[in-house]
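Here is how the chains run, residue by residue.
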Amino acid sequence: MSRTLTPGFAAELAKKTGTKPVWFLGAQLGTTTLYIGDNELTIPSWQGGITVKPWVKDWGEVREGIDNSLGEFKVSEYSISCLNDTSITENLVYYLTNFRPEKNTVSLYLWFLDLDPVTDPPLEISRGYIKNYPCPDDYNVTLQIQDETLKLERHYVGAKVSLADYPGADPDDVGRVIPIPFGTVKKLRALALDAGYKTSLPAILQPGVTNFNVSDGERLSAGKVITIDEEDIYIINISEDNITNCTRGYNGTLEAKHLRGAVVWEKKDIFVYVVSDKPLDSMGKVYGRVGDAEVDITSIVTRYTGQPGSVLTGYEGKAVVTVPGYITVQQAVDLLVSDGIGVNDAIAIVDGIAVNDTISVYDTIAVSDTIGVSQGYHGHAVSSPSAAYYGNGASHSGSNASFSGSDANLRDQNTGTGLTANFNGSQTIQSFSATMTVTFPAYSGPTPQSVYLCVNYRGGFNSGGYIRLNGVDIGAEGSNVTKKINVGTSVPSSIALSCYSPGAQYVQGGYLVGTEIWYEVQSNATSSDPAAGVAKTGSASKSGSASKSGSASKSGTTSRSGAATKTGTVALYGNSVANTLVGDAILVDVTRSFADCDAAMQSIASDAGVASFQGIGSLPGYYAFNGAITEYKPALYWLNYLAFQCRSRFRMHLGTAQRIYRPDTITPVETLPTVVLRQDGKRALYRDQTPYSDIINKMNLLYDRDYSQQTRDEGSYRGNSKDSSVNGTLRQLLDASIADYGLCERPELFRFDFVSDPTMADHLRDFYLSYYHYRHWTDVFEEYWIYADLEFADGVTLGFLGNRAAEILETRYRPGNRDNLDIIGFVAVE
């Protein structure tokens, strides 16, 4: 970033001997540019040819840079002692008396006598303003000069709300700065430029009273409507603070009691709130803050961005919103009620309603049912041929009983009605048996699904005897016992029934008598034959219809007689004002777009009259400003403030505002091998360390400011980038710093109103902690004019200090004269 020199200039600066440097000052005074120096000099072919008048006695020291390591660029001041030649009319005092030098800039130039002014013109070193020019006597004049940064220090950013410009402004907003947004700002607080006059009641106002005082009636007049709590009042006559005649309960509102101190508003059709002193690209939601609530009122307001086509007349160039009256919210409050109402109810109801119903129903529905049922098959036969059910061919044959055993008195008996075995119960028989065969005619029914053989008998044995049906034991106990067994799906032609006892088994007493035998067939077949299966035939149908005739009607009336009357009153105690909360702020989401941080800073410099802006060093792509100027401070303050919030330094240099990015490491542009030796033979070098107050090893970097609040304290920020989130090497460095110096914090420096992105906030936090966690060496030294190309913020290698890298924070020019050499001083921080 060092100055760009012509080849001739570079060669002259590199010379060890034989150089002829000259310094002179150029000042615009009236229509004349006056050049003065410590020697008379003519420079042809530059600025049309100039003559330098030898009026400078001592140049003093010109400084440029910052005066602390935190990086705030300051206005520097230097004095030039001059001679006033009283022998001529147009001397220095003449020019200073007849023209105003304060309004124009002056420039300090360096040149060499051996150079060609066309190819190697004078080099402008510094630019500033003549601040003062005292004349202690007729022969001496002192020019007190400040550098050009003074222009930014004198220019205040923003406009304050005044009653002279906005007679209807809310008194609470008078004196506040109209916001100037940058980027996107959520809930930016607007100012009431035309919100109706507001005052208060100095005493209680009772219902029905039409003459009363207000605290300040200066801006109220006859014909206006005021609002107190929820009551509108029309002013008929007013003199100073006294309303002598009015209409209470105007606009259909209710008269009420109003307490001392109640707010008195001038009622207007619309209120005008200014959001930005500059046109906006867009306006989003609008909120009304009422008490602790923020109510979305976007739908009832009108927004004007200030851009062409969106301008409210009388507020050109400004972004405003209009609101239909002041914003209120009803809120429940605790009130005491005294109820003396009594109700007398004498109402009677007479009911004369009658209903006549002539409805009849005609039903011609008939049902035709042709469903038929056929029986399933049941085959039946008994042991007696005369009792056979199915045909007459059932027969049985067999022996009655044959016994073997030791009982000689065993007797057998055949009753002729079945198979009978009967013997004395006192005797025992071994190997008892009696068998009968029952034969059925051939089966010709439907195909069986299953066939069961059944036997009904009565009988039993004292022990050891069984009944067997078709080879299956079915037991021999009980009276009139029915047994059934499944024999599969085929009807048998015959079955066997027997009484027996197993071998080696003795039976003592028993009988079997009255046996009946049959079979059952189950099938899905259908037939009209009673011996066939069971099935359903035929169908059911409906014919005919049903209809309704006739109608129902109502006759008669109901009437009310009597009345209800109310007696007594209701009295309300408490503060009715608390029932209505009046909006105390309008908040708007706004966007005023800028390409980057440099564009935002350039806009401030441009408004201050600085036409040129230069960003030196690239900022990270995610860096952006989102905030608003809401305080009345100089442009220099805001430019330093914004530079600090984008990790940069700011300076003015020869008419250009510069933003200079601060890198992680210094990149030297030149090596300084030696320094000037003083007359005592010692080096012109002074070393010290940055003060303890600059150490920072603990940080809560606050960002994303809440602009809905009027205060700017720690609670006014939504984001907090803390040092406790730092890890790795930086964490170790901070811990070591804390061990050496204790906890060191500068919270007032790190409230970043224009940073809203957490990534940007963390990046800034890490850099500033890395830079300020330890004390830096500060080197103040002097060099010869050979290094006049070096400037503020240049990196250099200090060869005279073992090649240590340092950053130049201040340059000090001391032009020489007959008695002194040209010296350039530097303040560098390692």
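As the structure is a prediction and not an experimental result, all values here were calculated from the model.

What the five strands build is an open sheet, ordered 21-20-49-11-51; its pairing is antiparallel. The outermost strands of the open sheet, each flanked by one partner alone, are strand 21 (293-296) and strand 51 (627-629). Geometrically, the sheet is characterised by an average inter-axis angle of 45° between neighbouring strands, direction not taken into account.

With that settled, the discussion passes to the sheet that holds strand 19 (residues 271-276). Strands sit in the order 12-19-23-22 across an open sheet of four strands; the sheet is antiparallel. Where the open sheet ends on each side, the last strands, each with one partner, are strand 12 (191-194) and strand 22 (302-304). Each neighbouring strand pair of the sheet contributes to a mean axis angle of 30°, computed without reference to strand direction. Alignment of strand 19 against strand 23 (residues 319-323), held across five bridges, turns out to be antiparallel. If you follow S276 over to strand 23, its bridge partner there is A319.

With that settled, consider the environment of Y641. Its location among the elements puts Y641 in helix 5 (residues 635-644). Separated by 113 residues in the primary sequence, Y641 and F754 have C-alpha atoms spaced 9.4 Å apart. Non-local contacts of Y641, meaning those with residues more than four positions away in its chain, are made with R712, R751, D753 and F754. Of the polar contacts made by the side chain of Y641, one reaches the side chain of R712; its length is 2.7 Å.

Attention shifts here to the layout of surface pockets. By volume, the largest pocket amounts to about 560 Å³. Contributing to the lining of the largest pocket are 23 residues, with R662, P663, T665, I666 and T667 lying nearest its centre. The set of elements that each furnish at least two residues to the lining of the largest pocket consists of strand 53 (656-661) and helix 7 (758-772). The biggest single contributor to the lining of the largest pocket is helix 7, with three residues. In terms of residue class, the lining of the largest pocket is made up of 12 nonpolar, six polar and five charged.

A few words now on the pairing of strand 36 (residues 466-469). Working note: regular strand, side chains alternate between the two faces of the sheet. Alternating positions in strand 36 separate cleanly, I467 and L469 being buried on one face and Y466 and R468 remaining unburied on the opposite face. Inspection of the sheet shows strand 36 paired to strand 37 (residues 472-473) by two bridges, in the antiparallel sense. In the sheet register, L469 faces strand 37, and the bridge partner there is V472. Counting the residues between successive antiparallel strands, the hairpin from strand 36 to strand 37 contains two residues, one of them, N470, with a positive phi of roughly 50°.

Listed as buried for helix 4 (residues 597-607) are C597, D598, A600, M601, S603, I604 and A605. At the N-terminal boundary of helix 4, the capping side chain belongs to D596, with an oxygen 3.2 Å from the backbone nitrogen of D598. Within two residues after helix 4, G609 carries a phi angle of roughly 95°, on the positive side.

Within the largest apolar cluster, 57 residues are counted, with the highest numbers of intra-cluster contacts made by F24, L25, I80, L143 and F781. Those residues in contact with L25 that sit more than four places away from it in its chain are L34, Y35, I36, W59, Y78, I80, V106, S107, L108, L143 and I145.

This part covers the packing of aromatic side chains. Considering all chains together, one arrives at 33 aromatic pairs under this definition. Both rings, one in Y94 and one in F99, keep their centres 6.4 Å apart while their planes meet at 85°; by these two values the pair is edge-to-face. For Y94, a relative accessible area of 27% gives the class partly exposed. Centroid distance Y771 to Y772: 4.7 Å. Interplanar angle 75°. Geometry classified as edge-to-face. On the accessibility criterion, Y771 (15% relative accessible area) is buried. What makes Y772 buried here is its relative accessible area of 1%. Within the aromatic cluster, the residues linked to one another by ring pairs are F182, F594, F625, Y637, W638, Y641 and F754. The aromatic ring of F182 is capped on one face by R592, whose charged end is 5.2 Å from the ring centroid. If you follow R687 out to its NZ or CZ, it ends over the ring of W777, 4.3 Å from the centre.

Quick look at the packing of helix 4 against helix 5 now. Where helix 4 meets helix 5, the axes come as close as 10 Å, and the angle between the chain directions of the two elements is 170°. Here helix 4 lies roughly antiparallel to helix 5, going by the angle between them. For the pair formed by helix 4 and helix 5, the contact residues are M601, I604 and A605 on the first element and A635, W638, L639, L642 and A643 on the second. Each residue belonging to the contact of helix 4 with helix 5 can be placed in one class, and the counts come to eight nonpolar, no polar and no charged.

What follows deals with the pattern of salt bridges. A full pass over the atoms with the stated rule returns 34 salt bridges. For D607, the salt bridge goes to K278, with nearest N and O atoms at 3.0 Å. Residue D607 is found in helix 4, and its partner K278 is found in the loop between strand 19 and strand 20 (282-290); the two are separated by 329 residues along the sequence. What makes D607 partly exposed here is its relative accessible area of 42%. Here D723 ties to R731 by a salt bridge, and the two come within 3.8 Å at their closest N and O atoms.

Parameters and conventions
- Residues numbered from 1 in each chain as written.
- Predicted model: local features only at pLDDT ≥ 70, side-chain atom pairs only at ≥ 80, totals over all residues.
- Heavy atoms only, no water.
- Pairing = 2+ DSSP bridges.
- Helix = DSSP H or I, 4+ residues; strand = E, 2+ residues; numbered from the N terminus.
- Axes fitted to C-alpha atoms, helices over the stretch in contact; angles between N-to-C directions.
- Contact = heavy atoms within 4.5 Å.
- Polar contact = N/O pair within 3.5 Å; in protein donor to acceptor, adjacent residues only side chain to side chain.
- 1 Å grid on protein atoms, 1.4 Å probe; cavity = no way out; pocket = protein on both sides within 12 Å on 5 of 7 lines; lining within 4 Å.
- Points joined across faces, edges and corners; volume = space filled by probe spheres on them.
- Nonpolar A, V, L, I, M, F, W, Y, C, P; charged D, E, K, R; others polar.
- Buried < 20%, exposed > 50% of the residue type's maximum accessible area, 1.4 Å probe, protein only.
- Core = buried A, V, L, I, M, F, W, Y, C linked by side-chain atoms within 4.5 Å.
- Phe/Tyr/Trp six-rings, centres within 6.5 Å; stacked < 30°, edge-to-face > 60°.
- Lys NZ or Arg CZ within 6 Å of the ring centre and 35° of its normal.
- Parallel < 35°, antiparallel > 145°, perpendicular 65-115°, else oblique.
- Salt bridge = Lys/Arg side-chain N within 4 Å of Asp/Glu carboxyl O.

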